[in-house]
Protein chains: 2
Amino acid sequence: MNAEKIPDIIITRLPVYLRALQHMADQGIKTTSSQELGEHVGISAAQIRKDISQFGEFGKQGTGYSIPYLLDKLREILKVDRLWDVIIVGAGDMGHALARYQGFANRGFNVVMIFDNDKEKIGKKIGDLAVEDMANLEEKIKSTGIKIAMLTIPASVAQETTDTLVKAGVKAILNYAPISLNVPNNVKVQYIDPATHLQKMTYYL
Amino acid sequence: MNAEKIPDIIITRLPVYLRALQHMADQGIKTTSSQELGEHVGISAAQIRKDISQFGEFGKQGTGYSIPYLLDKLREILKVDRLWDVIIVGAGDMGHALARYQGFANRGFNVVMIFDNDKEKIGKKIGDLAVEDMANLEEKIKSTGIKIAMLTIPASVAQETTDTLVKAGVKAILNYAPISLNVPNNVKVQYIDPATHLQKMTYYL
């Protein structure tokens, strides 16, 4: 299986399947069908079968999918069968909300550090974490080998901070700053910008 | 121009172009090319030309796009040439962060109300807004005619609250709860779930 050969759009849907399957498992459900899963996620049963079959034969004709088995496989494919250390860069409102968010740990992520350059914030506790000085960002990433960062700083400083993250070895950035970032080809960026999501919906109103 | 005929994936990219063009305009830049815009957003020049040409001939061979003109056109297409009233449902960390976020107003959105069912929170101020009682959600939406809601409540109560929003007339929901929502065909939902975005990236690590 060559990772480069699976279309990106399929990879985008796998975490959605994983989330829905986890939700079913939490309710004690043991098996499901592509039809049932499709109703949960708003994607056609045929598309789900096609997406999942890219990675092997995980379902059985007539009996459907074993949820624990499919969960294991999807976690393995998405590499969240382990716990990834993640840092937050920016201890504003959004950084606070992410630092206190309870939904990461059971989905493969552990927030281990939060950084800011505001002297008023440095050293203050957010949940279990003390805010660290942005001046130490590069060194801390290098010494810990962290690969994933969530960026919650103003757009005006997002590119220069991204350059620092990349230089230090970060390979995946979840960007909350409302600006497109330039990164090398071997670094992934995902964008969370509520205004773009809202603007996509107003088109249809 | 029939809204239903433009592929959804193109509509997804328009707000990204709009954001980049606004960023250029803020820097005093008056014209751009599909090449330059493409470098900003990480999308090919050919794709950008094709996307934009779906809506008319907005660029000129050799001189490129007038940024103010293209901004006007994109805002008109996305219907953010006006200001939409938006409510936040859930005054937790994420609701707080969104209520205080400064990036909505200049992109077409005005947060006018925030709701919670926690008696400790109701009446408390977040920025200029006093938290309203969730018990009044349906009535307040109906009386104001609001069409857009941001949902920042736990997954366990997200579907029932969505049903209330839909019943009250909401047509677009930006959902921060980590669960897929069932809505009628005439209601749009967009999802913001940091864990799914992170999981998409770990696949490539």
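Predicted, not measured: the structure shown is a model, and the values here were computed from it.

Parameters at a glance
- Residues numbered from 1 in each chain as written.
- Chains lettered and ligands numbered in written order.
- Predicted model: local features only at pLDDT ≥ 70, side-chain atom pairs only at ≥ 80, totals over all residues.
- Heavy atoms only, no water.
- Contact = heavy atoms within 4.5 Å.
- Buried area = accessible area lost by both parts, 1.4 Å probe.
- Salt bridge = Lys/Arg side-chain N within 4 Å of Asp/Glu carboxyl O.
- Polar contact = N/O pair within 3.5 Å; in protein donor to acceptor, adjacent residues only side chain to side chain.
- Helix = DSSP H or I, 4+ residues; strand = E, 2+ residues; numbered from the N terminus.
- Nonpolar A, V, L, I, M, F, W, Y, C, P; charged D, E, K, R; others polar.
- Buried < 20%, exposed > 50% of the residue type's maximum accessible area, 1.4 Å probe, protein only.
- Least-squares fit on C-alpha atoms with pLDDT ≥ 70 in both.

Caption draft 1: Quick look at the interface of chain B and chain A. The partner chain A presents 59 residues to the 59 residues of chain B that form the contact. For the pair chain B and chain A, the two sides together bury roughly 5,900 Å², of which 64% comes from carbon and sulfur. Interface area lost by chain B to chain A is led by Gln199(B), Tyr203(B) and Leu205(B), which between them contribute 14%. One can count eight salt bridges joining chain B with chain A. Measuring nitrogen to oxygen at the nearest pair gives 2.7 Å for the salt bridge that ties Arg19(A) to Asp193(B). Where chain B packs against chain A, one counts 20 residue pairs in polar contact (both at pLDDT 80 or more). Per-element accounting of the side of chain B that touches chain A gives the leading share, nine residues, to helix 8 (residues 194–202) of chain B. Looking at the side of chain B that touches chain A residue by residue, the class counts come to 36 nonpolar, eleven polar and twelve charged.

Caption draft 2: How the structure looks around the side chain of Asn175(A). Within the fold, Asn175(A) resides in strand 9 (residues 172–175). Apart from the residues within four sequence positions on either side, Asn175(A) is in contact with Leu151(A), Leu181(A), Val189(A), Gln190(A), Tyr191(A) and Ile192(A).

Caption draft 3: The arrangement of the environment of Asp118(B) in detail. Residue and element names in this part refer to chain B. Inspection of the secondary structure puts Asp 118 in the loop between strand 5 (109–116) and strand 6 (125–126). Relative accessible area serves as the criterion here: at 28%, Asp 118 is assigned to the partly exposed category. Reaching out from Asp 118, the side chain makes a polar contact with the backbone nitrogen of Glu 120 at a distance of 2.8 Å.

Caption draft 4: Seen up close, the relation of the copies chain B and chain A. Of the two same-sequence chains, chain B is brought onto chain A (RMSD 0.0 Å, axial shift 0.0 Å) by a rotation of 180 degrees. The operation mapping one copy onto its partner corresponds to a two-fold rotation axis. A shared binding surface is used by both copies, with 100% of the interface residues of chain B retained as interface residues in chain A.

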